Amino acid sequence: MALFPPGKGGGEDVAYGYKGKGILIHTLTDGNGMPLANCTTAANGSEREQVMPLLNSVTVKINSPGRPRKRVKVLAGDKGYDSKDLRAALRKRGIRPQLPKRAWKTKRNRGRPIKMSVPRFQQERCFAWFQRKYRRLVVRWERISACFNAFISLATIHIWINRILLLG
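Residues numbered from 1 in each chain as written. Predicted model: local features only at pLDDT ≥ 70, side-chain atom pairs only at ≥ 80, totals over all residues. Heavy atoms only, no water.

The next subject is the overall build of the protein. When you go through the protein residue by residue, the secondary structure sums to five helices and six strands. Ordered by position from the N terminus, the helices and strands of the protein form the series β-β-β-β-α-β-α-β-α-α-α. Burial analysis of the protein (168 residues in total) assigns 39% to the buried set. Nonlocal contacts in the protein, meaning residues at least 24 apart in sequence, comprise 48% of its contacts between residues at least 6 apart. Accessible surface, the protein as shown: approximately 11600 Å² in total, 55% of it carbon and sulfur. (Helix = DSSP H or I, 4+ residues; strand = E, 2+ residues; numbered from the N terminus. Buried < 20%, exposed > 50% of the residue type's maximum accessible area, 1.4 Å probe, protein only. Contact = heavy atoms within 4.5 Å. Areas by Shrake-Rupley, 256 points an atom, 1.4 Å probe, with all protein chains shown as cover.)

Turning our eyes to something else, we now look at the confidence of the model for the protein. Taken as a whole, the protein shows an average pLDDT of 80; of its residues, 82% reach a score of 70 or greater. No element of the protein has a lower mean pLDDT than strand 1 (residues 2–4), which averages 63, and none a higher one than helix 2 (residues 84–92), which averages 92. (pLDDT = per-residue confidence, 0-100.)

A separate point is the side chain of serine 83. Mapped onto the fold, serine 83 is located in the loop between strand 5 (74–76) and helix 2. Here leucine 86 takes part through its backbone nitrogen, which lies 3.1 Å from a polar atom of the side chain of serine 83. (Polar contact = N/O pair within 3.5 Å; in protein donor to acceptor, adjacent residues only side chain to side chain.)

A rise of 1.5 Å per residue sets the reference length of helix 3 (residues 121–133), with its 13 residues, at 18 Å; its end C-alpha atoms lie 18 Å apart and thus fit the reference within 8%. Of the residues making up helix 3, those classed as buried are Gln122, Gln123, Cys126, Phe127 and Phe130. Down the axis of helix 3, the buried set is contained in an arc of 145 degrees. They therefore lie on one face. (Expected span 1.5 Å × (residues − 1). Arc of directions from axis to C-beta.)

Turning our eyes to something else, we now look at the nonpolar core. If you look at the biggest cluster of nonpolar residues, it comprises 16 residues, and the most contacted ones within it are Leu28, Val51, Leu55, Leu75, Leu86, Leu90 and Ile95. Within the residue set of this core, elements represented by two or more residues are strand 4 (35–42), helix 1 (51–56) and helix 2. It is helix 1 that provides the largest number of residues to this core, a total of four residues. In terms of nonpolar packing, the next biggest core, distinct from the first, is built from 13 residues, Ile25, Met34, Cys126 and Phe127 among them. (Core = buried A, V, L, I, M, F, W, Y, C linked by side-chain atoms within 4.5 Å.)

Once that is clear, we can look at the pairing of strand 3 (residues 21–29). For strand 3, a buried count of eight out of nine residues is recorded, marking the element as mostly surrounded by other parts of the structure. In the sheet, strand 2 (residues 15–16) pairs with strand 3 via two bridges, with the strands oriented antiparallel. Among the inter-strand pairings, alanine 15 is bridged to a residue of strand 3, identified as glycine 22. The turn linking strand 3 back onto strand 4 is made up of five residues, and glycine 33 within it adopts a positive phi angle of 90 degrees. (Pairing = 2+ DSSP bridges.)

Another point: the side chain of aspartate 82. Within the secondary structure, aspartate 82 sits in the loop between strand 5 and helix 2. Within the structure, the side chain of aspartate 82 is placed 3.0 Å from the side chain of arginine 87, a separation counted as a polar contact. In contact with aspartate 82, other than residues within four places in its own chain, are Arg48, Arg87, Pro100, Lys101 and Arg102.

Quick look at the structure:
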C-alpha cells in the first residue's frame, strides 16, 4: 500500500485518507519485490478488503509439469492488514499470514518482548521503483481512474521486461 497524491483538480477515486488527499495503490509482490497484481482505491478505502481480490488474480508459476498452483505460501503485510477475519480467511486457503499485530500505545507489555519481524522491504522496493522510474505515477495527471490503472499496468510490464532482459 502506498499513498500517491492526486493530480491538479483531483479526479475519480480521490478522497481524503489517513495521510491526506489521494489514492492508494495496492500491490501484491513476490519475494524479490517484483509486482504480480495491482489495484487502486480511494485513500479512505479499506486495505483489508483488497487482499482477496489480489490473491484471486494471481496464479503462481512453478517449474514442474502440471497445473499451476493457485495460492502463495506466505503473505507478509503491514499493521493495516491485521484483522481476525483476514487471518482466518488466509488460513482457510492454506496461506500463512505474517502480519504484525496492531499494538495499543497505552497497553503495557509484561514479560519478555516478543520480536516479530516482517520482511516488507521487498514491497517497499517495488513502490520505490514505481516512484523513481515512473513520474506519471508519483503525481497523478490522469483524472480518469482507468487511464491511471493502465499506466500502473504498463509500469508493471516494464519492470518485468527489464528483469527478464537483465537475467536473460
